[in-house]
Amino acid sequence: MYEGVVQDLIDELGRLPGVGPKSAQRIAFHLLAADDHEVERLVDALVEVKRRVQFCELCGNVAEGERCRICADPRRGDEVICVVEEPKDVVAIERTREFRGRYHVLGGAINPIDNVGPDDLRIKELMARLADGTVQEVIIATDPNVEGEATATYLSRLIGSLEITVSRLASGLPVGGDLEYADEVTLGRAFEGRRVVGT
């Protein structure tokens, strides 16, 4: 325990996701030792991002205007929507350079333990986007965990009443992984998602 503002800084840093007490302490002491200009740049970046960044009115991704760069891109196809949990998932999929459609960010996943239900997510907005008949396929790309699976199941049942193809990203063994270290769920998914190879 430290005194006054140092402990306050450590406490605030410790509230950030993925930052434990030791990491918070290391970051706090790094900031104390850093040049004033470095700290001012960090403060300016934090203030600026809170002032300028919002969520896209259409898909829910982060944006500096009313629409994100993906929704504003006329080269993107409107026939396929990829549904993800968070904006960071959009970045992960974009890095593959495989998907040229649109996105829809739910803002989380169904999680009854944390009191997150379908009404707490951007599901109504998704259904509104599907209503005009332009979208032919919805790719559900929620995380392959209990919450992501519950969300995927809920969405597939909801969208199933429309004449839209619903698909789910394949999941299974990572490239470079060893079978002996794979858990049962991952291995089971790999068997379900197996494909025929050339003869």
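Scroll up to find the structure.
What you see is a predicted model; the values in this text were computed from it and never measured. (Residues numbered from 1 in each chain as written. Predicted model: local features only at pLDDT ≥ 70, side-chain atom pairs only at ≥ 80, totals over all residues. Heavy atoms only, no water.)

Draft legend 1. Expanded view of the overall build of the chain. If you tally the helices and strands in the chain, you get 7 helices and 6 strands. Compactness check: the chain gives a C-alpha radius of gyration of 21 Å against a globular reference of 16 Å for 199 residues, more than 25% above the reference. The dimensions of the chain, computed from C-alpha atoms along their principal axes, are 65 × 45 × 35 Å. Taken over 199 residues, the chain has a buried fraction of 28%. A separation threshold of at least 6 residues defines the contact pool for the chain, and within that pool the share at least 24 residues apart is 49%. A total of about 13,900 Å² of accessible surface is found on the chain, and carbon and sulfur atoms cover 55% of it. (Helix = DSSP H or I, 4+ residues; strand = E, 2+ residues; numbered from the N terminus. Rg over C-alpha atoms; globule rule 2.2 N^0.38 Å. Buried < 20%, exposed > 50% of the residue type's maximum accessible area, 1.4 Å probe, protein only. Contact = heavy atoms within 4.5 Å. Areas by Shrake-Rupley, 256 points an atom, 1.4 Å probe, with all protein chains shown as cover.)

Draft legend 2. Region of the structure containing the packing of aromatic side chains. For the structure shown, the criterion picks out 1 aromatic pair. Aromatic pair Phe99 and Tyr103: ring centres 5.1 Å apart, planes at 70°, arrangement edge-to-face. You'll find Phe99 and Tyr103 in the same group, each marked buried. (Phe/Tyr/Trp six-rings, centres within 6.5 Å; stacked < 30°, edge-to-face > 60°.)

Draft legend 3. Highlighting the packing of helix H1 (residues 4–14) against helix H2 (residues 21–33). At a minimum axis distance of 8 Å, the contact between H1 and H2 shows a crossing angle of 130°. Between H1 and H2, the angle is such that the two are oblique. Of the two possible hands of crossing, H1 and H2 adopt the one that is right-handed. In this structure, H1 contributes Val6, Leu9, Ile10, Leu13 and Gly14 to the contact, and H2 contributes Ala24, Gln25, Ile27, Ala28, Phe29, Leu31 and Leu32. Among the residues forming the contact of H1 with H2, the class breakdown is 10 nonpolar, 2 polar and no charged. (Axes fitted to C-alpha atoms, helices over the stretch in contact; angles between N-to-C directions. Parallel < 35°, antiparallel > 145°, perpendicular 65-115°, else oblique. Left-handed = near helix turned anticlockwise from the far one by under 90°. Nonpolar A, V, L, I, M, F, W, Y, C, P; charged D, E, K, R; others polar.)

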